[in-house]
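Now for the letters of each chain:
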Amino acid sequence: QLRHCCAPECNETFATAGGPFSRCAGCGVLCYCSRDCLKNAWRHAKAPHKDICPKLRVLHERTNLPRKRIPDQFRDL
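Just so we're clear, the structure is a prediction, and the values are computed from it rather than from any experiment. (Residues numbered from 1 in each chain as written. Predicted model: local features only at pLDDT ≥ 70, side-chain atom pairs only at ≥ 80, totals over all residues. Heavy atoms only, no water.)

Engineer: Teacher, can you tell me more about the nonpolar core here?
Structural biologist: Generally speaking, soluble globular proteins have nonpolar side chains that are buried together. In terms of nonpolar packing, the biggest core is built from 15 residues, with Cys5, Ala7, Cys27, Leu30, Tyr32 and Cys37 touching the most fellow members. Secondary structure elements with two or more residues in this core: β2 (31-32), α2 (35-42) and α3 (49-63). (Core = buried A, V, L, I, M, F, W, Y, C linked by side-chain atoms within 4.5 Å. Buried < 20%, exposed > 50% of the residue type's maximum accessible area, 1.4 Å probe, protein only. Helix = DSSP H or I, 4+ residues; strand = E, 2+ residues; numbered from the N terminus.)

Written out as structure tokens, the structure is:
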């Protein structure tokens, strides 16, 4: 299964991006294909990453949430 950029409205996959994705430095869970996608996700109107990031960080610390695979339903928020 192809992994996608976690930014809403971005259709880049690991295969089409032409380079590695970067993880969010705050939560370390979500991956983005570019800095612009991270900025857009951070301020997104419906599901801003700035609201989700600290919660994901705590969730990861408490449950050892795997960083390798994030379900696509998070991408569609």
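The discussion continues.
Engineer: Any chance you could explain the environment of histidine 44 here in plain terms?
Structural biologist: Relative to the helices and strands, histidine 44 is located in the loop between α2 and α3. Note: C-alpha distance between histidine 44 and proline 8 (36 residues apart in sequence) is 7.7 Å. Dropping the residues within four chain positions of it, histidine 44 is found in contact with Pro8 and Glu9. In this structure the side chain of histidine 44 is engaged in a polar contact, spanning 3.3 Å, whose partner is the backbone nitrogen of alanine 47. (Contact = heavy atoms within 4.5 Å. Polar contact = N/O pair within 3.5 Å; in protein donor to acceptor, adjacent residues only side chain to side chain.)

Engineer: Would you take a moment to explain α3 for this structure?
Structural biologist: Structural remark: α-helix, 3.6 residues per turn; residues separated by three or four positions point the same way. End to end, α3 covers 20 Å across 15 residues, agreeing with the expected 21 Å (1.5 Å per residue, within 8%). Inspection of α3 places His49, Cys53, Leu56 and His60 among the buried residues, and these make up the whole buried set. An end-on view of α3 places all buried positions within 75° of arc, on one side of the element. In α3, the exposed positions that point more than 90 degrees away from the buried face belong to Lys55, Glu61 and Arg62. Packed against the buried residues of α3 are β2 and α2. Phi for asparagine 64, located one or two positions after α3, is positive at around 55°. (Expected span 1.5 Å × (residues − 1). Arc of directions from axis to C-beta.)

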